[in-house]
Amino acid sequence: MKLNRTTLRSVEILKLVSKRPEGITLDEICESLEMPKTSAYDIVTTLVETGMVHVTKGQKQIYTIGLTAYRIGVSYTNHLDVLSTIEPELRSFSREIGKTVFYGVLTGHEVVYICKFEPENPIITTATVGTKNPLYCTSLGKAILAFMDEEDRRPIMDRIHFRQKTPRTIMSTEHLLKELELVQEKGYALDAREGEDHMECVGAPIFDREGQVLGAISASSLYKPTENYEALGLLVQKKAAEISRLLGYMGEKTEKLENA
């Protein structure tokens, strides 16, 4: 199988940069990898633009590992253990409540679906594992945003571009912040037909052992006027709290949410 040379060079540069926490110059990269400066510069510039490498500008530009690369590494190691705990819990939860359930995490200013489980007679949902959706019109996204640290949430909120998906879609930062306050009070979030007119979803946050939001779980169903979505929200929140404890979180957040 023929491998792409530029991709291989990119990986080599990332490996080299990761081994130099104090930083590395372009000249040092070229010398270590025996690369032409023009080729190395093009690759490094692309890596900087994608967040895989961080550049500190000065007399000479210093390159260190970027936030995107760090998040990928952390995400990989975390999810190995996390998914082995979450997946069996969600599989049984889906059968218990008879709805499609998801686990999603933050990626940039969107939520990405990591796993999905369906009951015996599932409804058709457009969301599949690996797809992304906006934070502002999904219960997963709202649940994650609501329980993030303010300093982490602010730059994410600044990057959100609101698009009208249904007549009920939240269309402003001010409205979203008010919605997040309600989510904090209740312990769960509603997607009240904001992403798709025929779907209603509820979501609740998952915390890691340090009490940081790891992601969120949700339950989705076709909208029914007779369905008690507040009651469903409490069920989802309770399951999220159980999973958080299984992941090692022993703090007060889940207790407060369960008593909300």
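Source: prediction; values computed, not measured.

Peer 1: Mind showing me how you'd approach the confidence of the model for the chain here?
Peer 2: For residues with low pLDDT, the predicted coordinates do not support detailed interpretation. For the chain, the mean per-residue pLDDT works out to 88, and 92% of the residues sit at or above 70. At the level of individual helices and strands, the chain shows its lowest average pLDDT in helix 9 (residues 253–258), which scores 56, and its highest in helix 5 (residues 139–146), which scores 96.

Peer 1: It is not clear to me how the nonpolar core should be interpreted in this structure. Could you clarify?
Peer 2: A general feature of soluble globular proteins is that nonpolar side chains tend to end up buried together. Among the nonpolar cores identified, the biggest contains 27 residues, and L145, I160 and L176 are the most heavily contacted of them. Of all elements in the fold, only strand 4 (110–117), helix 5, helix 6 (150–159), helix 7 (173–186) and strand 8 (213–222) reach the threshold of two or more residues within this core. For this core, the element with the most residues is helix 5, which contributes five residues. Contact partners of I160, with chain neighbours within four places excluded, come to Y136, L145 and L176. Counting residues in each nonpolar core, the second largest holds 26 residues, with F93, I206, A219 and A240 among its members.

Peer 1: I keep staring at the pattern of salt bridges and nothing clicks. Help me out?
Peer 2: Pairing is possible between side chains of opposite charge, provided their charged atoms come close. Going through the model one piece at a time under the given rule, you end up with 16 salt bridges. Linking R20 and E28 is a salt bridge whose minimum nitrogen-to-oxygen distance equals 3.4 Å. K186 serves as the salt-bridge partner of E230, at 3.2 Å between the closest nitrogen and oxygen. Pair noted here: E230 is in helix 8 (residues 229–246) and K186 is in helix 7, with a separation of 44 residues, a long-range link.

Peer 1: What's the story with the side chain of K239 in this structure? I'm lost.
Peer 2: Note that K239 resides in helix 8. A polar atom in the side chain of K239 sits 3.1 Å from the side chain of E89. Contacts of K239, omitting those with residues within four sequence positions, involve E89, F93 and I217.

Peer 1: Mind showing me how you'd approach unusual backbone geometry here?
Peer 2: Negative phi values dominate among residues other than glycine, just as trans dominates among peptide bonds. A positive phi angle, near 55°, is found at E34, a position not held by glycine. Topologically, E34 is positioned in the loop between helix 2 (26–33) and helix 3 (37–49). Residue classification places E34 among the exposed positions, given a relative accessible area of 70%. Of note, the phi angle at R193 is positive, near 55°, even though the residue is not glycine. Note on placement: R193 falls in the loop between strand 6 (189–192) and strand 7 (199–207). Residue classification places R193 among the buried residues on the basis of a relative accessible area of 16%.

Peer 1: Sorry if this is basic, but what is going on with the pairing of strand 7 here?
Peer 2: Consecutive side chains along a regular strand alternate between the two faces of the sheet. The element strand 7 is largely enclosed, with a buried count of nine among its nine residues. Note: strand 6 against strand 7, four bridges, orientation antiparallel. Across the sheet, the residue bridging to A192 is E200, located in strand 7. Linking two consecutive strands that pair antiparallel, namely strand 6 and strand 7, is a turn of six residues; a positive phi of about 55° is found at R193 within it. Note: strand 7 against strand 8, nine bridges, orientation antiparallel.

Peer 1: Quick question: what am I supposed to make of the environment of K224 here?
Peer 2: Within the secondary structure, K224 is located in the loop between strand 8 and helix 8. What makes K224 partly exposed here is its relative accessible area of 45%. As a C-alpha pair, K224 and Y63 span 161 residues in sequence and 54 Å in three-dimensional space.

The rules behind these values
Residues numbered from 1 in each chain as written. Predicted model: local features only at pLDDT ≥ 70, side-chain atom pairs only at ≥ 80, totals over all residues. Heavy atoms only, no water. pLDDT = per-residue confidence, 0-100. Helix = DSSP H or I, 4+ residues; strand = E, 2+ residues; numbered from the N terminus. Core = buried A, V, L, I, M, F, W, Y, C linked by side-chain atoms within 4.5 Å. Buried < 20%, exposed > 50% of the residue type's maximum accessible area, 1.4 Å probe, protein only. Contact = heavy atoms within 4.5 Å. Salt bridge = Lys/Arg side-chain N within 4 Å of Asp/Glu carboxyl O. Polar contact = N/O pair within 3.5 Å; in protein donor to acceptor, adjacent residues only side chain to side chain. Pairing = 2+ DSSP bridges.

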